[in-house]
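So the chains spell out like this:
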Amino acid sequence: MKAEESKRFHDLWRGDADFRQRFLEQPEAALQQWSMPGEASALHAFCVEQNKQGNLQLAGLDEQPGQQAYRAHNKEKRVWLKNLYAYEFGDHAFSSWRLRQISRFRTQVPDDWADRNPHIPFVVELTNGCSLSCPFCAGAAKSLDPSIPAFTATQSFFEGLISRLQQKVGLQQAPGVLYFFTEPLDHPEYEQYLAAAADIWGMVPQTTTAAWFRDEGRTRRLMKLTEGRGMPYNRFSVNSKKRFQQCLKTYSPQDLLHTQLVLNYPEAAGAPLYASGRGRQMDNTIQGSVACVSGFLVNLPLRRIQLVSPTLELERWPKGYRILEEASIANLKDVELFLQHCHETRFNSVLHGRSPLLLRSDLQLQQDNNRWFLMNTYRRIPLRPGEKSIIEHLAKVKTVDDLLEYDIPGLSANQVFNRLNTWWANGILED
Ligand code: SF4
């Protein structure tokens, strides 16, 4: 099979439960219905087995006979994305803060979720709210505010802002994006911002859009524009089976070869809804977060900047990300002041005597078979001898110096201090 045909099959399998059933029962007829060519028998045997095992995502499909082209395509994409997110920050203080956020998140979620999160260092929202109003919106985006600033009115501030963010973290090429809990195509001049960002950041921001269906011509031009400037891998969010079928009828397998379909509806395979944002009011959700920024989040119309990082502490942070700092930015001087403030108060890489000490609220001390652990929804972090006593003392103290006054059985003060710093670097302590 050609790579685009395999991908079309994979998308159909994931996105359409009726196709899955039909393919299992009458493989040739199911392929013909979608004008898919090919010899179905090897694929069919694989799918029957995977279906029995509950592997509805069909992981390993590209390892099967006849799937060499798809395998090569996926490998190339993996390498490309790995390079895209292999940041090398020139600013060590920011880099160490961000690494702490990555470690912190890793101690809250399963490994594959942690591996997938790019922890983008900065994003800019171009609108306030979102026109899609998805019932499951993990960021609980409000309705779109129709007063959308024109590109020409904000260009100078926007360009100054994004070059300063890039300079602050010290990246030669900066893979920021121009949406968060907003829809990029809600801005009628999104493409102009995209081109301006590409000129400054040295690469085209990746686009994820749930409004791909509104104006086919615009969507196709956008895909061509981004591909022409070196960003082939965009994403379409697909929020219902009806939209899914519309997408496959509108765009050919070749059109969608490089476009990832993010399926967000119940009958799609492997599409969990998270109990964050509006998802908190829905049934059949699981604890999770789709937030993917460890760094600066800017809303351009609101002229607001925040320092954020993803989290699963959903009682405290119901949208799945922590807001550590926030400021209004009327001009670039305000941006400068905010960056300076974050540098002085947040991007500290080690603990000192007066550092506040607090265990993260999602971690509970628990015993299992004579061993002690810190546990939360998905993780169990084993404690070494003496560490349980440190954890118990944390409830009685305010600072590092306070804790070092206590005798911790089996550990010298130096060893206690080192353990605290290791926990700090791993995001176990509240920051
Ligand atoms: S999930 Fe995305 S597209 Fe839907 S309302 Fe939220 S931000 Fe908008």
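Since this is a predicted model, take the numbers as computed values, not measurements. (Residues numbered from 1 in each chain as written. Predicted model: local features only at pLDDT ≥ 70, side-chain atom pairs only at ≥ 80, totals over all residues.)

Caption draft 1: Just the overall build of the protein chain, in detail. Per the secondary structure count, the protein chain includes 15 helices and 12 strands. Scaling as 2.2 N^0.38, a compact globule of 431 residues should have a C-alpha radius of gyration of about 22 Å, and the protein chain matches this with 24 Å. For the protein chain, the spread of C-alpha atoms along the principal axes amounts to about 75 × 60 × 40 Å. The proportion of buried residues among the 431 residues of the protein chain is 34%. (Helix = DSSP H or I, 4+ residues; strand = E, 2+ residues; numbered from the N terminus. Rg over C-alpha atoms; globule rule 2.2 N^0.38 Å. Buried ≥ 20, exposed ≤ 12 C-beta atoms within 10 Å, placed from the backbone.)

Caption draft 2: View of the packing of helix α1 (residues 3–15) against helix α5 (residues 68–84). Running from N to C, α1 and α5 cross one another at 85 degrees; their axes reach a closest spacing of 7 Å. On the basis of the axis angle, α1 is roughly perpendicular to α5. Here α1 contributes Ala-3, Ser-6 and Lys-7 to the contact with α5, which in turn contributes Ala-69, Tyr-70 and His-73. When the residues that make up the contact of α1 with α5 are grouped by side-chain class, the tally is three nonpolar, two polar and one charged. (Axes fitted to C-alpha atoms, helices over the stretch in contact; angles between N-to-C directions. Parallel < 35°, antiparallel > 145°, perpendicular 65-115°, else oblique. Contact = placed C-beta atoms within 7 Å. Nonpolar A, V, L, I, M, F, W, Y, C, P; charged D, E, K, R; others polar.)

Caption draft 3: Structural view of the sheet that holds strand β10 (residues 364–368). With antiparallel pairing, the three strands of this open sheet are ordered in space as β10-β11-β12. The outermost strands of the open sheet, each flanked by one partner alone, are β10 and β12 (380–382). Strand-to-strand twist across the sheet, computed as the mean angle between neighbouring axes with direction ignored, equals 40 degrees. (Pairing = 2+ DSSP bridges.)

Caption draft 4: A look at the nonpolar core. The biggest cluster of nonpolar side chains holds 54 residues, and the ones touching the most others in it are Val-123, Leu-178 and Val-293. Listed in part, the 12 residues of the second largest apolar core include Leu-420, Trp-423, Trp-424 and Ile-428. (Core = buried A, V, L, I, M, F, W, Y, C linked by C-beta atoms within 7 Å.)

Caption draft 5: Inspection of the packing of helix α8 (residues 151–169) against helix α12 (residues 332–345) at higher detail. At their nearest, the axes of α8 and α12 sit 10 Å apart, and the two run at 20 degrees to each other. Accordingly, the angle class assigned to the pair α8 and α12 is roughly parallel. Pair α8 / α12 crosses with right-handed handedness. Residue-level inspection shows Phe-157, Gly-160, Leu-161, Arg-164 and Lys-168 of α8 in contact with α12, the latter providing Leu-332, Val-335 and Leu-339. By residue class, the composition of the contact of α8 with α12 is five nonpolar, one polar and two charged. (Left-handed = near helix turned anticlockwise from the far one by under 90°.)

Caption draft 6: How the structure looks around the site of the ligand. Every residue close to the ligand is listed here: Cys-130, Leu-132, Ser-133, Cys-134, Cys-137, Gly-139, Ala-141, Phe-181, Thr-182, Glu-183 and Ala-210. In terms of residue class, the shell around the ligand is made up of seven nonpolar, three polar and one charged. (Near = placed C-beta within 6 Å.)

Caption draft 7: Just the sheet that holds strand β3 (residues 235–238), in detail. The strand order across the open sheet built from three strands is β2-β3-β4, with neighbouring strands paired in parallel fashion. Strands at the two margins of the open sheet, each flanked by one partner only, are β2 (208–209) and β4 (260–263). Bridging between β3 and β4 involves four bridges; their strand directions are parallel. Bridge pairing links Phe-236 to Leu-261 in β4.

Caption draft 8: Main features of unusual backbone geometry. One non-glycine residue, Ala-140, adopts positive backbone phi at about 50 degrees. Within the secondary structure, Ala-140 is located in the loop between β1 (120–125) and α8. Residue Ala-140 is classed as partly exposed on the basis of its 16 C-beta neighbours within 10 Å. Although it is not a glycine, Asn-369 adopts a positive phi angle of roughly 50 degrees. Relative to the assigned elements, Asn-369 resides in the loop between β10 and β11 (371–375). Since 4 C-beta atoms lie within 10 Å of it, Asn-369 is described here as exposed.

Caption draft 9: Quick look at the domain arrangement of the protein chain. For the protein chain, the assigned domains are domain 1 (3–80), domain 2 (89–345) and domain 3 (364–425). If you average the C-alpha positions of domain 1 and of domain 3, the two centres end up 49 Å apart. (Domains from an automatic or database assignment.)

Caption draft 10: Here's a closer look at helix α2 (residues 17–25). For α2, every residue scored as buried is listed here: Phe-19, Arg-20 and Phe-23. Buried positions in α2, seen along its axis, are confined to an arc of 105 degrees and lie on one side of it. Seen from the buried face of α2, the exposed residues on the opposite side, beyond 90 degrees, are Gln-21 and Glu-25. The inward-facing, buried residues of α2 abut α1, α3 (27–33) and α4 (41–53). (Arc of directions from axis to C-beta.)

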